[in-house]
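What follows is the residue order along each chain.
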Amino acid sequence: MVNYNPKDWFRFIITFNRADTVRKLLPILVAVGVYSFIVVYIIEFMGLSDNAHLKNFSLMHTLLSFVISMLLVFRTNTAYDRWWEGRKLWGSLVNNSRNMALKMDQLLDPAQVDARQFFRAMIPNFAYSLKNHLRQHAVEPEFTESTLFGVHNLRLSEHVPQQIAMSIFGKMHDLQRQDVLLPEHLLLLNPEIQSLMDVCGACERIKNTPIPFSYSSFIKKFIFIYCLTLPFGYVSTLHFLVIPLVVFVFYVLASLEVIAEEIENPFGTDDNDLPLDTICKGIHKTVTQTFDHTEQLAQADRLSENPKGFSYEK
């Protein structure tokens, strides 16, 4: 995701970064400019610019401009809704991961070293695995091993986030059977556990349900035909000045479609996609700090009770 200052207008105007649509559309903008020049040159060479029928051709663009504007507004709003819903889902994953860490940190005694290490590792592992699952990347490089669960316990060809969520719930159930956790503790933890797969399922719905093909295809064809006919409609009044006009109109309309295409799947690695790497690192940092803080306090209490480390055993 591109970090920027929204109030820095001057930078927006004079710079072109990788996410700017000018870079992506530059080849086709040049092609549209060349096409417009050829059309205008032929019309001017044949003396057709004063033709009455050609002058009235611009009426079609006047009638269709409202239609194309409504289509593009709906297209961009739909794409942004998907982007914003994805951001809300990952925001809820951050909150639920923190809440689960806080609850497990307080419910587990510092003496439960293996269990605490398990949750310290597996809660962030779920976020990393969900990110890589949505991007179809390998999970092993970002997986944190624990003494109770390692990457060798995963079936990597299957649904990895579900396996990690299952292991978290299974460990909680084992602790309840060992009387480390009480049954009411599982009721307290159930909303956070359930939210893991709820977030996963909602993200998969966004990723696996693109805009209908016919709708997306129609908008592209409409923009293309609309811009290709612009030289015929305005050559009588603008002559060769119609060339930059057509290029600019095509840039505006095509840019809206390109932006919508990029943000409708917000879980990828494009410049305008969600900062999932940063979010996962934030979850890992806060969860680790939560468990470490309690362990440091427990260690400080032990040192205060026995400052010189004397053993009172006979």
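In what follows, the accompanying structure is described.

Analysis parameters
- Each chain carries its own residue numbering, running from 1 in the direction its sequence is written.
- A pLDDT threshold of at least 70 governs which residues receive local features in this predicted model, and a stricter bar of 80 or more applies before side-chain atom pairs are shown or counted, although totals over entire chains, interfaces and linings include all residues.
- For side-chain calculations, the full set of non-hydrogen atoms in the structure is used, while hydrogens and water are omitted.
- Put simply, DSSP marks the helices as runs of H or I at least four residues long and the strands as runs of E at least two long, and each gets a number from the N terminus on.
- Remark: exposure states derive from per-residue accessible area (1.4 Å probe, protein chains only) relative to the maximum for the residue type, with buried under 20%, exposed over 50%, and partly exposed in between.
- Contacts are assigned to residue pairs that have any heavy atoms within 4.5 Å of one another.
- Areas reported as accessible are Shrake-Rupley estimates using a 1.4 Å probe. Residue values count occlusion only from the protein chains shown.
- Salt bridge, as used here, is a side-chain nitrogen of Lys or Arg placed within 4 Å of a carboxyl oxygen of Asp or Glu.
- Fitting a line to C-alpha atoms yields each axis, with helices limited to the stretch in contact; the angle taken between N-to-C directions then spans 0 to 180 degrees.
- Should an angle fall under 35 degrees it is called roughly parallel, over 145 degrees roughly antiparallel, and 65 to 115 degrees roughly perpendicular, with every other angle called oblique.
- Classification of ring pairs rests on two measures: the distance between centres of Phe, Tyr or Trp rings, Trp counted by its six-membered ring, which must be within 6.5 Å, and the angle between planes, read as stacked under 30 degrees, edge-to-face over 60 and tilted in between.
- Within the patch definition used here, like charges are joined within 9 Å and nonpolar side chains (Val, Leu, Ile, Met, Phe, Trp, Tyr) within 5 Å, considering only residues with over 30% relative accessible area and no salt bridge.

Moving on to the overall build of the protein chain. Per the secondary structure count, the protein chain includes 11 helices and 0 strands. Scanning the protein chain from its N terminus toward the C terminus, one meets helices and strands in the order α-α-α-α-α-α-α-α-α-α-α. Within the protein chain, the fraction of its 314 residues that count as buried is 41%. Here the analysis covers contacts within the protein chain between residues at least 6 apart in sequence; of these, 76% occur between residues at least 24 apart. When the accessible surface of the protein chain is split by element, carbon and sulfur atoms take 62% of a total near 18,200 Å².

Now for the pattern of salt bridges. As enumerated under the stated definition, the model contains 14 salt bridges in all. Glu 262 serves as the salt-bridge partner of Lys 24, at 2.4 Å between the closest nitrogen and oxygen. With Lys 24 in helix H2 (residues 21-46) and Glu 262 in helix H10 (residues 242-263), the pair connects residues that are 238 residues apart, well separated along the chain. Using a relative accessible area of 40% as the deciding quantity, one classes Lys 24 as partly exposed. One salt bridge connects Arg 205 with Glu 85, and the closest N-O pair in it is separated by 2.6 Å. Here Arg 205 is found in helix H7 (residues 183-208), whereas its partner Glu 85 is found in helix H4 (residues 58-107), with 120 residues between them in sequence.

The subject of this paragraph is the packing of helix H6 (residues 160-177) against H7. Close contact between H6 and H7 brings their axes to 10 Å; oriented N to C, the two are set at 180°. In terms of orientation, H6 lies roughly antiparallel with respect to H7. Contacts between H6 and H7 involve Pro 161, Gln 162, Ala 165, Ile 168, Phe 169, Met 172 and Gln 176 from the former and Pro 183, Leu 186, Leu 189, Ile 193, Leu 196, Met 197 and Cys 200 from the latter.

The next point concerns the packing of aromatic side chains. Going through the model one piece at a time under the given rule, you end up with 9 aromatic pairs. When the centroid spacing of 6.1 Å and the interplanar angle of 20° are considered together, the rings of Phe 37 and Tyr 41 count as stacked. With Phe 37 and Tyr 41 both in helix H2 and 4 residues apart, the pair spans about one turn of that helix. Look at Phe 37 and you get partly exposed, because its relative accessible area is 41%. Classification of Tyr 41 by relative accessible area gives partly exposed; the value is 46%. The interplanar angle of 45° and the centroid separation of 6.4 Å between the aromatic rings of Phe 143 and Phe 149 together place this pair among those described as tilted. Judged by its relative accessible area of 10%, Phe 143 falls in the buried class. The exposure class of Phe 149 is buried, given its relative accessible area of 12%. Through a chain of ring-to-ring contacts, three or more aromatic side chains come together here, namely Phe 37, Tyr 41, Phe 45 and Phe 240.

Moving on, we come to the environment of Glu 192. By secondary structure assignment, the location of Glu 192 is in helix H7. In this structure, the C-alpha to C-alpha distance between Glu 192 and Lys 103, residues 89 residues apart in sequence, is 9.9 Å. When sequence neighbours within four positions are dropped, the list of residues in contact with Glu 192 reads Asn 96, Asn 99, Met 100 and Lys 103.

What follows deals with the side chain of Gln 176. When you line up the elements, Gln 176 lands in helix H6. What makes Gln 176 buried here is its relative accessible area of 18%. When neighbours within four sequence positions are excluded, Gln 176 is seen to be in contact with Leu 181, Leu 182, Pro 183 and Leu 186.

A grouping of Leu 26, Val 30, Val 34, Phe 37, Ile 38, Tyr 41, Ile 42, Phe 45, Met 46 and Phe 240 is seen on the molecular surface, where their side chains present a nonpolar patch of about 1,000 Å² in accessible area. Here Met 46 is to be found in helix H2.

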